[in-house]
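Breakdown of the fold
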Amino acid sequence: MVNPVLLIAVPLGLAFAIPLFNLFWKATAKYIPLVALAFNLVVSLLLLTQVFENPVIVSIGGWRPPFGINLVAGPVGVLFSAIIALVGLLVSVYALDYIKEGPTEKYHMLYLLLLTGATGVVLTGDIFNLFVFFEILCISSYALVAYLRDKAGIESAVKYLIQGAVGSSLLLIGIGLLYGLFGTLNMADIAQNIKSISPISVFVPMVLIITGLGVEAAIFPLNAWLPDAHSSAPSSISAILSGIAIEVGLYAVARVIFTIFGASSIFLFLALLGILTLLVGEMCAFSQNNIKRMLAYSSIGQIGLILFALAIATSYGVTGGLFQLVSHTLSKALLFLAVGYMIHQTGSLQISALEGMGKKMPLTCLAFTIGAFSLVGLPPFIGFPSKFLVVRAALATKETYFCVLIGLALLGTVIEGAYFFRVVQVLYFYPVRYEKSSNGVKGEKPNPRRKEAPIIALISMFIFVALIVIIGIYPKLVTDVLSSAASELLNRLDYVRNVLG
Amino acid sequence: MSLQILLTVAFGGALVTYLLGKTSAKVRNFLAVAISLVLVVFVAYLYGKPLEKTFYLGFFGLGLVLRLNMFSWFFAITIAVVGTLSIIFSLSYIRAREKTDFYFLMMLLVNAAMLGIVLAGDLVSFYIFWEIMSWSAFLLISYNRGPALAAGMKYIIMSVIGSLCFLVGMLSLYVSFDTLNISQIASAITSASSGYILFILTSFGIAFGIKNAVLPFHTWLPDAHSEAPAPFSAVLSGVLIKMGTYGFLLILYVIVGLKLFLGLGSSIFSFHSVLCLLGAITILIPTFIAMLQTDAKRLLAWSTVGQAGYIILGIAFGTNLALAGGIFHFFNHSLFKALLFLAVGAVEFRTQTRDLDSLGGLAKKMPVVFIATLVGICALIGVPLTSGFVSKWLIYKSLILEGSPFLAFFALVGTWGTILYSYKLIHNVFLGQLPEKYKDIQKSPFSMQLPMIVLSLAILVFGILPGIPLKVINAIGISFGFESLNVTLWGIASETGTLNTINIFSTVLVAAVLLWLLFRLGAKSVSIPQEDSYAAGAHTPADKYHYTVEFYNPLHRMIKPFLRDVIDEFYYWIAASVRSLASSVKRIYSGDVGYYVMYIVLFLSLLIFAQMKWKLW
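Only a predicted model underlies this, so the values are computations on that prediction, with no experimental measurement involved.

The rules we used
- Residues numbered from 1 in each chain as written.
- Chains lettered and ligands numbered in written order.
- Predicted model: local features only at pLDDT ≥ 70, side-chain atom pairs only at ≥ 80, totals over all residues.
- Heavy atoms only, no water.
- Helix = DSSP H or I, 4+ residues; strand = E, 2+ residues; numbered from the N terminus.
- Rg over C-alpha atoms; globule rule 2.2 N^0.38 Å.
- Buried < 20%, exposed > 50% of the residue type's maximum accessible area, 1.4 Å probe, protein only.
- Contact = heavy atoms within 4.5 Å.
- Areas by Shrake-Rupley, 256 points an atom, 1.4 Å probe, with all protein chains shown as cover.
- Lys, Arg positive; Asp, Glu negative; His and termini not counted.
- Charge placed at Lys NZ, Arg CZ, Asp CG, Glu CD.
- 1 Å grid on protein atoms, 1.4 Å probe; cavity = no way out; pocket = protein on both sides within 12 Å on 5 of 7 lines; lining within 4 Å.
- Points joined across faces, edges and corners; volume = space filled by probe spheres on them.
- Nonpolar A, V, L, I, M, F, W, Y, C, P; charged D, E, K, R; others polar.
- Patch = residues over 30% accessible without salt bridge, like charges linked within 9 Å, V, L, I, M, F, W, Y side chains within 5 Å.
- Salt bridge = Lys/Arg side-chain N within 4 Å of Asp/Glu carboxyl O.
- Domains from an automatic or database assignment.
- Buried area = accessible area lost by both parts, 1.4 Å probe.
- Polar contact = N/O pair within 3.5 Å; in protein donor to acceptor, adjacent residues only side chain to side chain.
- Phe/Tyr/Trp six-rings, centres within 6.5 Å; stacked < 30°, edge-to-face > 60°.
- Pairing = 2+ DSSP bridges.
- Axes fitted to C-alpha atoms, helices over the stretch in contact; angles between N-to-C directions.
- Parallel < 35°, antiparallel > 145°, perpendicular 65-115°, else oblique.
- Left-handed = near helix turned anticlockwise from the far one by under 90°.

Points about the overall build of chain B
- Secondary structure assignment for chain B yields 24 helices and seven strands.
- In summary, chain B has a C-alpha radius of gyration of 26 Å against a globular reference of 25 Å for 617 residues, a match within 12%.
- Across its three principal directions, the C-alpha atoms of chain B cover 105 × 65 × 55 Å.
- When the 617 residues of chain B are sorted by exposure, 61% land in the buried category.
- Taking the intrachain contacts of chain B between residues at least 6 apart in sequence as the baseline, contacts between residues at least 24 apart amount to 79%.
- Split by element, the accessible area of chain B, about 24000 Å² in all, is 69% carbon and sulfur.
- One finds the centroid of the 39 positive side-chain charges in chain B at a distance of 3 Å from the centroid of its 25 negative side-chain charges.

Structure representation (structure tokens):
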């Protein structure tokens, strides 16, 4: 029986150990995140088999809830920490070769801290502890966005910092109000007592917390930081931000609404908000010429779809939302990783600079194409079963409201298809773009730097591809975990009972 | 067991061909042809064996079913044969191009996906294979670059819209009946309300209508089919479109069932008559637009749209004769349209152009292609002794028998238009004078001639002995709940008149023999070279007196104003509006962080205000 505390303690310890290692053995700093995340992955997978029936409750320091901080390693938590560990591991393998310039040991330390914060958010059972880990996540990401130290990166990081700080302050105020109302910070305890306070008093902390978490979760209109941050960060960080950070933010929103507040009345509003986010995101992505901004807006769109699915609040809906979340994490991380080396070779973020890359970087472009097709929802990739579930969940409610919204969501999918297919055509069916030679005349020789990405990056990308294809063909591999995770989110009374006894 | 093996060979073969192609082009070519032939033989071997197999692959507890009945078999054999012939044709056609491995991979993949569609016994498998077919066709349409890219985008966007309508319909069925197995849905749907059935028919109808290019969903077809590489255009027009036909037959007769379908709605506004009307309009308008084209492949593409109208009209009409005509016309259209596209492709391969205004007189230079085109044209028009005649005869007969003069009129006018554009095609390419620049072109290579010869023979054989396919089609009709037709080897006997091709054949044969004898015994004819023509006593250079430009000018001027493609313009207008809407939405993200913080605070305040004022939550 493995203690879930290790999932947080080990990466945290190793993260702070990185500067120490860096003093003595400079080359080892980049391997430490690998070790930590591999450990996390193994522990999460071991835990996953155990937590289907009963979540593992860990009381930190022996103080029993509701007095002490406790970790709740249920299906949701362990599922998320497994995803975080897996994606984090693969991206750190990619970063072995990708991150070469700048203060690399700081990169790896912040990277590991970011993932620790994310793991802490999904495992914790105490709302202030959530805030603490959430801040660790956010602050690490502010710094990492600025890692390239160019004008765009610093500007985006500062904007992200400002908006994130506003969000965190609102979150803190909300938590403070909750503490004032209930005298406890334990999620299960608050959940138990939530009915005893008048609805309006509970409403204000709820919207404060939703807004605060929503900034990180990239819900419209709180997500204006995202396009800048995700497009200016180094691509491995963009992969983590789009693949993990915003999903963890959305998890936090879901946990608060489903478990703590049990606020069923707000679901209709959230569904509408989700579709609004989806449509705004897809339409903005459609009008982009910058490949990373396009992918960033696409992330906004997908978060909107996940939020919509979660807001359907039936078992099908939440399962579909979680599946869509997993699918988006895998596909978007893959897309950013593939784009990272393409941009490295062309030196430009414009889509038009990618013309003909299919010839020069065939494997990378294949990975990109598979990620793109998966995101649009084409079989036989993972995006298809997840979309299948979401649409089924919406139609199963048999309410016109949800059916209309899912119709709009499918319109968003058409737009998404349009811009992704456009990029695929640019990659494969345009002639290779030639660079200007030194005397300013359009040269004859193609840029000699255009060659395939390094093996280590290809390994990382193709593990993603393998996962996308395998889960796409056999979704059963994940559906059991997802449905037990869904029932954990939906059954708040069971949650309370498991934690408080 | 066998169906799994079939699909594994199809898909696996595609992948293996691609990988082996990286090492050697000869191996890849051989393997591509071998795999397609194996598929043909395999499907032929499975004739008459009803098979069904359910798999539980863990797709949300749904059983994925593969099944083979007469209906699937007929479509499968057509797919396999047309696919094989196109691949054989591609061996020479694609040799000088780049990315040939990718080309063969996609051709085999499209083939495999189409086989998967017709073998699917449940809607999820159907959808999965449908989507695989759609995106591989997209990649292959874009293969030629240049204008093909816009054509490919148009195709995939419309295809995705259709697929999403299919998804909604399919999931609605799932939610209502808790199963996606086609036979189970078929029995469960009899208890549904007619409004619901109408909704299902509409959502699936949009999906299949887009694929089958029924008006008003046809606009992607002319661009896509003309810009795709010629062998793939043959597959596109020949079988890919017919997946929409397969879908229509599936939803109308297998799932909803004959009685329900005919009983839906009242007289003029019933789904049945609306579909027939759409089919009729699809015959009329695109056929005349085809006449105005100067690009040979665009002409054939618009012709495909028109002929699809015949198929839909036959299928939707609801009598056993019409159904037989519709399905037979699908089969014939696959054969002769593939033949025509391959022929035009062969001409393009040698002359590097598809422009009807500049080609001419190639009959002597490319005799096999000329004869093949002639047979194809005759089948297209419906000249007796070709298979096209039989299917058209069946459709006309049933329309007239059932007393639908309006629809029959459309069908007949459509044939008139067909004759006009067919003649334009063959005249502008093969007849008349040979321009200077084509004096030295060679004949097509044998690997290109072979498919054309096979298809021409097939058309003639099935024209003289239509009983062979009609027997299968009759079995399909019976499985849909229609009465059996009286099918003989030479045709169909019905109470109001018999089609008996053996009579026609023997008459024509006797007449031909007589003519030949007269010719032989008569005065000897003089043979003159093709360029030897005079006008007003002077020798006429070929280029100046080749009458192809503005071939039907008076008719053009008469009908052109009525044939503006308003539907296409409407779709472009929608796309442009979405694009400008998207640009306006983008302005929300202005770049000023002050605005962004304001959004956050405003969002919060609005929520709190709304709750306090209106107590929404």
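Still more ground to cover, so stick around.
Details of the overall build of chain A
- A count of helices and strands for chain A gives 20 helices and two strands.
- Computed over the C-alpha atoms, the radius of gyration of chain A is 22 Å, within 12% of the 23 Å expected from 2.2 N^0.38 for a compact globule of 501 residues.
- Within chain A, the fraction of its 501 residues that count as buried is 66%.
- In chain A, once contacts between residues fewer than 6 apart in sequence are set aside, the share between residues at least 24 apart is 80%.

Considerations on empty space enclosed by the protein
- Tallying each qualifying case throughout the model produces 10 cavities of 30 Å³ or more.
- Its boundaries defined by the atoms lining it, the largest cavity holds a volume of some 80 Å³.
- Around the largest cavity, the lining residues are Val-376, Gly-377, Leu-378, Phe-384, Lys-387 and Thr-413 of chain A together with Tyr-127, Glu-131, Val-160, Ser-163, Leu-164 and Leu-167 of chain B.
- Broken down by element, the residue count for the lining of the largest cavity peaks at four residues, all from helix H6 (residues 147–177) of chain B.
- Of the residues that constitute the lining of the largest cavity, the class distribution is seven nonpolar, three polar and two charged.

Digging into a nonpolar patch on the surface
- A cluster of nonpolar side chains, namely Ile-470, Ile-473, Tyr-474 and Leu-477 of chain A together with Leu-57 of chain B, defines an oily patch on the protein surface of about 430 Å² accessible area.
- Judged by its relative accessible area of 57%, Leu-477 of chain A falls in the exposed class.

A closer look at unusual backbone geometry
Residue and element names in this part refer to chain A.
- Cis geometry marks the peptide bond from Phe-220 to Pro-221, where omega comes out at -5°.
- You can see Pro-221 is positioned in the loop between helix H8 (199–217) and helix H9 (225–232).
- The omega torsion across Pro-379 and Pro-380 is -5°, close enough to zero to call that bond cis.
- Structurally, Pro-380 can be placed in the loop between helix H15 (362–376) and helix H16 (383–396).

Some thoughts on the domain arrangement of chain B
All names here are of chain B.
- Considered domain by domain, chain B is made up of domain 1 (1–193), domain 2 (265–490) and domain 3 (566–614).
- Relative to domain 2, the C-alpha centre of domain 1 lies at a distance of 24 Å.
- With 14 residues of domain 1 in contact, the opposing surface of domain 2 contributes 24 residues.
- The contact between domain 1 and domain 2 buries some 1700 Å² in all, and 84% of this surface belongs to carbon and sulfur atoms.
- Summed over the three residues of domain 1 that lose the most area to domain 2, namely Phe-74, Leu-85 and Phe-89, the buried surface amounts to 38% of that side.
- On inspection of domain 1 and its partner domain 2, the count reaches zero salt bridges.
- Where domain 1 touches domain 2, the interface holds two residue pairs in polar contact (both at pLDDT 80 or more).
- Residues that form the side of domain 1 that touches domain 2 fall into these classes: 12 nonpolar, two polar and no charged.

A short note on the packing of aromatic side chains
- Under the definition given, this model contains 61 aromatic pairs over all chains.
- With centroids separated by 5.4 Å and ring planes inclined at 70°, the aromatic side chains of Tyr-94 of chain A and Tyr-341 of chain A adopt a geometry described as edge-to-face. With Tyr-94 of chain A in helix H3 (residues 75–98) and Tyr-341 of chain A in helix H13 (residues 315–346), this residue pair connects regions lying 247 residues apart in the sequence.
- Note on Tyr-94 of chain A: relative accessible area 0%, which makes it buried.
- We classify Tyr-341 of chain A as buried; its relative accessible area is 4%.
- Both rings, one in Phe-126 of chain B and one in Phe-166 of chain B, keep their centres 5.4 Å apart while their planes meet at 5°; by these two values the pair is stacked. Of this pair, Phe-126 of chain B sits in helix H5 (residues 123–141) while Phe-166 of chain B sits in helix H6, and the two are 40 residues apart along the sequence.
- Accessibility expressed as a relative area gives 0% for Phe-166 of chain B, which makes it buried.

Section: the pairing of strand E1 (residues 56–59) of chain A
All names here are of chain A.
- Going residue by residue along E1, you find Val-56 and Val-58 tucked away on one face and Ile-57 and Ser-59 left uncovered on the opposite face.
- Two strands pair when backbone bridges link them, and E1 and strand E2 (residues 70–73) are joined in this way by four bridges, in the antiparallel orientation. Note that in E2 the partner of Val-56 across the bridge is Ala-73.

Topic: the packing of H15 of chain A against helix H18 (residues 455–473) of chain A
All names here are of chain A.
- Contact pair H15 / H18: the axes reach a minimum separation of 10 Å and the direction vectors enclose 30°. When the axes of H15 and H18 are compared, the pair comes out roughly parallel. When the axes of H15 and H18 are compared, the crossing they make is left-handed. Between H15 and H18, the residues in contact are Leu-363, Thr-364, Leu-366, Ala-367, Ile-370 and Ser-374 and Leu-458, Met-461, Phe-462, Val-465 and Ile-468, respectively.

Digging into the pattern of salt bridges
Residue and element names in this part refer to chain B.
- Within this structure, the stated rule accounts for 12 salt bridges over all chains.
- Ionic pairing is found between Lys-154 and Asp-568, a salt bridge with its closest N-O pair at 3.1 Å. Placement of the pair is Lys-154 in helix H6 and Asp-568 in helix H23 (residues 566–586), with a sequence separation of 414 residues. The exposure classification of Lys-154 matches that of Asp-568, with both residues buried.

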